[in-house]
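# Commentary on secondary and tertiary structure
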Amino acid sequence: AECRYPIENSSRTMSTNTVSEITYDLPPFDKYRGQDSFFGGEAPLSEGVGYLVVLGFGFLFSIITTILVYLNKYFGARGEVTSEHFNTAGRMIKTGLTASVIVSQWTWAATLLQSSNVAWAYGVSGPFWYASGATIQVLLFGVLAINLKKVAPSAHTVAEIVNARWGKTAHLTFLFFCFAANIIVTSMLLLGGAATVEALTGMDYRLASFLIPWGVILYTASGGLQATFLASYIHTVIIYAVLITMIFLVYIKFYSSDQIYDFLDQTVSFSTEECEAIFSDDSGTFFEPGKYACGPVSGNEKGSYLTMLSGDGLMFGIINIVGNFGTVFVDQSYWQSAIAAKPSSAARGYLLGGVCWFAIPFSLATSLGLASTALMLPITSTEAGNGLVPPAVAFELLGDAGAILILIMLFMAIVSTGSAESIAVSSLVAYDIYRQYINPEATGDQILFVSRVVIVVFGLFMGCFAILLFEIGLSLGWVYLFMGVVIGSAVVPLWNMMTWKKASGTGAVIAAWTGLVLAVTGWLVAAKVQSDTISVDALGTNEVMLSGNLIAILSSGAIHYVYSMFIDPQDYDFSELDKHITLVEQDTRGLTDEEKDPVALRRAERWITRRGYALTLVLIFIWPILSVPAGVFTKSYFAFWVLVAIAWGFGAALVITILPLTESAEDISMVLSGVFYAVTGREPRRAEDPAEAVAAEKEISEEMDKADAEVAAEMEA
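Residues numbered from 1 in each chain as written. Predicted model: local features only at pLDDT ≥ 70, side-chain atom pairs only at ≥ 80, totals over all residues. Heavy atoms only, no water.

## Things to note about a positive patch on the surface
A contiguous patch of positive charge, built from Arg-348, Arg-602, Arg-603, Arg-606, Arg-610 and Arg-611, is present on the exposed surface. Per-element tally for the positive patch: the top contributor is helix α24 (residues 598-627), with five residues. Take Arg-602: it is sitting in helix α24. Classification of Arg-602 as partly exposed rests on a relative accessible area of 42%. (Patch = residues over 30% accessible without salt bridge, like charges linked within 9 Å, V, L, I, M, F, W, Y side chains within 5 Å. Areas by Shrake-Rupley, 256 points an atom, 1.4 Å probe, with all protein chains shown as cover. Salt bridge = Lys/Arg side-chain N within 4 Å of Asp/Glu carboxyl O. Lys, Arg positive; Asp, Glu negative; His and termini not counted. Charge placed at Lys NZ, Arg CZ, Asp CG, Glu CD. Helix = DSSP H or I, 4+ residues; strand = E, 2+ residues; numbered from the N terminus. Buried < 20%, exposed > 50% of the residue type's maximum accessible area, 1.4 Å probe, protein only.)

Next up, the structure:
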């Protein structure tokens, strides 16, 4: 790609050099000459493509997932859909599907878009800190998941557990934080999704925000948590397929790690004058420091993208770690996945899910994110903040096909996480508001009805709320950094609730609210001190967001510890917790004595605790420390870094795609044979309700024992 940009009095020589003109055979490309932004307000795809993806894919997956749920109901081994089954998936989900669901739930629009934004801004440290800073929470949540199976196996929601241990005041407090987490996460899905749909197709962002939730509502309201899990598997497989495609395009088909290394080196070597000449038109330059990827990177070692020694990258990493503790530990959807998993699968599912999820932001941003700066595409900081780095690079590499692939990948992330958030909110309303405070004697049918109504209402509400956030001027990146300020103060009390017998309920309430007030106050004060004003931009800087995030989690943790240790220490008997949680229907699937085996649960707890803490130590401390001596990466060091990203991406894709299928091979075979019998007119094998099967087996066993006793009595006579 040949490019000629006039640069007065330049000494740079690449292929030819005159006083007024330099010829490049490398980026920046001539086709972007005079272009002040990548998309420039013009969508590469037609508006019809936007409607096709948003509505067509939404309804297509709704139909497919709904069919799968009913096939499983009639020909599989799941039995009838009770309210318990609707909200817990029968508590029988295996390791592979649990891991797939965790990957799906944790793959937000931000995972695909914001991770490449920080690669665009900070270089190689951005993808790493995004991935590691959001993986450890899933690994550590595995400890809470197995504790839940030990002390509250009958639970439906985290707020229900809070109520059982700490009472009404704490219940209402943490119900607020749970709803806040669900709303913030869904807001980010719609903000990132609508901005990308508008940039790629020209579809109005307000219409996109309103229509996207409808792709989720039908199958979630129809099939509940099990439908969400089945859809999540399909979505995750598609996301990994696009991920592998993008890695292949950047580092194998079009470029190599050595070429990307050279391009990145060249990008930071331009002076301000050269950057002004590159980003200019006939009327003059439109270059501003920080607006485009050109010239040295502020705060990085030697101004390079190729280093882990990045001050802003590290600051983002800390914000990411703190904020994401809130969005995992306070988000009902993760507790719901733990409730749905078999005890033997809960610990392994979360560990495997966390490790596989790491590949998505790390591998995707290491390819698309770094390629955006290496190729010096005219992506502005505003476009990057709105999550438009991946679609820009994909469009550069593949044209319309690349833009469509990113659009599909993004839509998969939105609907998979959106469905999880919808069923989470419906469970909180059905069990913690309707059943707890409105109709304590609610039947299973009433719980089902309320759950389905809430799914529809929440989808409509979030569409309108996202439009409001757009009008205020909040971007995906801003909300992503802000989330820890709001919900971070609930993290430590919830961890203590499940693991510490001295944890005080009163202390938890005080810690959560005080932490929130202190965090918001510190956040506002920091903005005033730094910028002498309070505005959206002033409140959105890394330093200000870091202040609010740290104050939220640290102040809350300190307050709860002091209160529980010295003011109101408890001596709680965890064996009493599950006695205060009642089932709506006597649907005991997943609650057998075998599933509650204390020895197996203790063994699983030791397994996840050791591995969860060890991997956390590796990702947060050991890996970054080992990369410090490298300083600015050499070409061979960067090649190894890219190799790790590629291998991790391919490995995760294989595991998440194949393991759920192999674990469920018997169920799949039963469904397929049932369909075959039905099509050929033979009597199909209908689903056998596991609870009925256990009862029948027990009855047969008792009859056999009785017969043996009679025979023994006759022989003795």
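## A short note on the packing of helix α13 (residues 332-340) against helix α17 (residues 400-438)
Contact pair α13 / α17: the axes reach a minimum separation of 8 Å and the direction vectors enclose 85°. By the angle class used here, α13 and α17 are roughly perpendicular. Residues Gln-332, Ser-333 and Gln-336 of α13 touch α17, and the partners they reach there are Ala-420, Glu-421, Ile-423, Ala-424, Ser-427 and Leu-428. Looking at the contact of α13 with α17 residue by residue, the class counts come to four nonpolar, four polar and one charged. (Axes fitted to C-alpha atoms, helices over the stretch in contact; angles between N-to-C directions. Parallel < 35°, antiparallel > 145°, perpendicular 65-115°, else oblique. Contact = heavy atoms within 4.5 Å. Nonpolar A, V, L, I, M, F, W, Y, C, P; charged D, E, K, R; others polar.)

## Structural notes on a nonpolar patch on the surface
The grouping of Leu-617, Val-618, Phe-621, Ile-622, Ile-625 and Leu-626 at the surface amounts to a nonpolar patch, some 560 Å² of accessible area in total. By the secondary structure assignment, Val-618 is in helix α24. For Val-618, a relative accessible area of 33% gives the class partly exposed.

## Topic: the packing of aromatic side chains
Tallied over the entire structure, the rule returns 46 aromatic pairs. Ring plane angle 15° and centroid distance 5.4 Å describe the contact between Tyr-130 and Tyr-480, whose orientation is recorded as stacked. Of the two residues, Tyr-130 is situated in helix α5 (residues 125-151) and Tyr-480 in helix α19 (residues 476-487); the sequence distance between them amounts to 350 residues. Pair check on accessibility: Tyr-130 and Tyr-480 agree, each one buried. Between Phe-279 and Tyr-292, the ring centres sit 4.3 Å apart and the planes meet at 15°, which makes this aromatic pair stacked. Taken together, the residues span a long stretch of sequence, with Phe-279 in the loop between α11 (272-278) and β4 (280-281) and Tyr-292 in the loop between β5 (284-285) and α12 (311-329) at a distance of 13 residues. What makes Tyr-292 buried here is its relative accessible area of 3%. Geometry around Phe-254 places Lys-253 over its ring, the cationic atom sitting 5.5 Å from the centre. Sitting over the face of the ring of Trp-607, Arg-348 holds its NZ or CZ atom 4.5 Å from the ring centroid. (Phe/Tyr/Trp six-rings, centres within 6.5 Å; stacked < 30°, edge-to-face > 60°. Lys NZ or Arg CZ within 6 Å of the ring centre and 35° of its normal.)

## Description of unusual backbone geometry
Positive phi is not limited to glycine here, since Lys-302 has a value of about 55°. Relative to the elements of secondary structure, Lys-302 occurs in the loop between β5 and α12. In this structure, Met-376 is a non-glycine residue whose phi angle is positive, near 50°. Secondary-structure assignment places Met-376 in the loop between α14 (343-374) and α15 (381-385). On the basis of relative accessible area, Met-376 is assigned to the buried category, the value being 2%.

## A closer look at the environment of Ser-298
With respect to the helices and strands, the residue Ser-298 is situated in the loop between β5 and α12. The class of Ser-298 is exposed, set by a relative accessible area of 61%. Separated by 12 residues in sequence, Ser-298 and Ser-310 have C-alpha atoms that sit 8.6 Å apart.

## Let's talk about the packing of helix α3 (residues 95-106) against α14
For the pair α3 and α14, interaxial distance at closest approach is 7 Å and the crossing angle is 45°. Between α3 and α14, the interaxial angle falls into the category oblique. Helix-helix and strand crossings are classified by hand; for α3 and α14 the assignment is right-handed. Across the interface between the two elements, Thr-95, Thr-98, Ala-99, Ile-102, Val-103 and Trp-106 of α3 pack against Ser-344, Ser-345, Arg-348, Gly-349, Tyr-350, Leu-352, Gly-353, Cys-356, Trp-357 and Ile-360 of α14. For the contact of α3 with α14, the per-class residue count stands at nine nonpolar, six polar and one charged. (Left-handed = near helix turned anticlockwise from the far one by under 90°.)

## Let's talk about the confidence of the model for the chain
The predicted model of the chain has a mean per-residue pLDDT of 83, with 86% of residues at 70 or higher. Here strand β2 (residues 16-17) is the element of the chain with the lowest mean pLDDT, 38, and helix α21 (residues 505-531) is the one with the highest, 94. Low confidence marks residues 1-25, where pLDDT is under 50. Its contacts with residues over four positions away, or in another chain, come to 59 contacts. (pLDDT = per-residue confidence, 0-100.)

## Here's the deal with the pattern of salt bridges
For the structure on display, the rule yields seven salt bridges. In this structure, Asp-262 and Lys-635 form a salt bridge, with 3.1 Å as the shortest nitrogen-oxygen distance. Highlighted residues: Asp-262 in helix α10 (residues 257-269) and Lys-635 in helix α25 (residues 635-663), separated in sequence by 373 residues. As a salt-bridge pair, Lys-579 and Glu-576 come within 3.1 Å of each other at their nearest N and O atoms.

## A word on the environment of Thr-111
Locating Thr-111 in the fold gives a position in helix α4 (residues 109-122). Sequence spacing of Thr-111 and Pro-361 is 250 residues, and the spatial spacing of their C-alpha atoms is 5.7 Å. One polar contact links the side chain of Thr-111 to the main-chain amide nitrogen of Trp-108, over a distance of 2.9 Å. (Polar contact = N/O pair within 3.5 Å; in protein donor to acceptor, adjacent residues only side chain to side chain.)

## Some remarks on helix α26 (residues 665-679)
In an α-helix there are 3.6 residues to a turn, and that puts residues three or four apart on one side. Across its 15 residues, α26 extends 21 Å between first and last C-alpha, which sits within 8% of the 21 Å expected from 1.5 Å per residue. Considered for burial, the residues of α26 that qualify are Asp-667, Met-670, Val-671, Ser-673 and Gly-674. The first or second residue beyond α26 is Gly-681, which carries a positive phi of 85°. (Expected span 1.5 Å × (residues − 1).)

## Describing the nonpolar core
Core analysis: the biggest nonpolar cluster contains 212 residues, and Trp-108, Phe-141, Ile-161, Phe-174, Tyr-240, Tyr-480 and Phe-638 have the highest contact counts within it. No other element matches the 18 residues that helix α7 (residues 168-201) contributes to this core. (Core = buried A, V, L, I, M, F, W, Y, C linked by side-chain atoms within 4.5 Å.)

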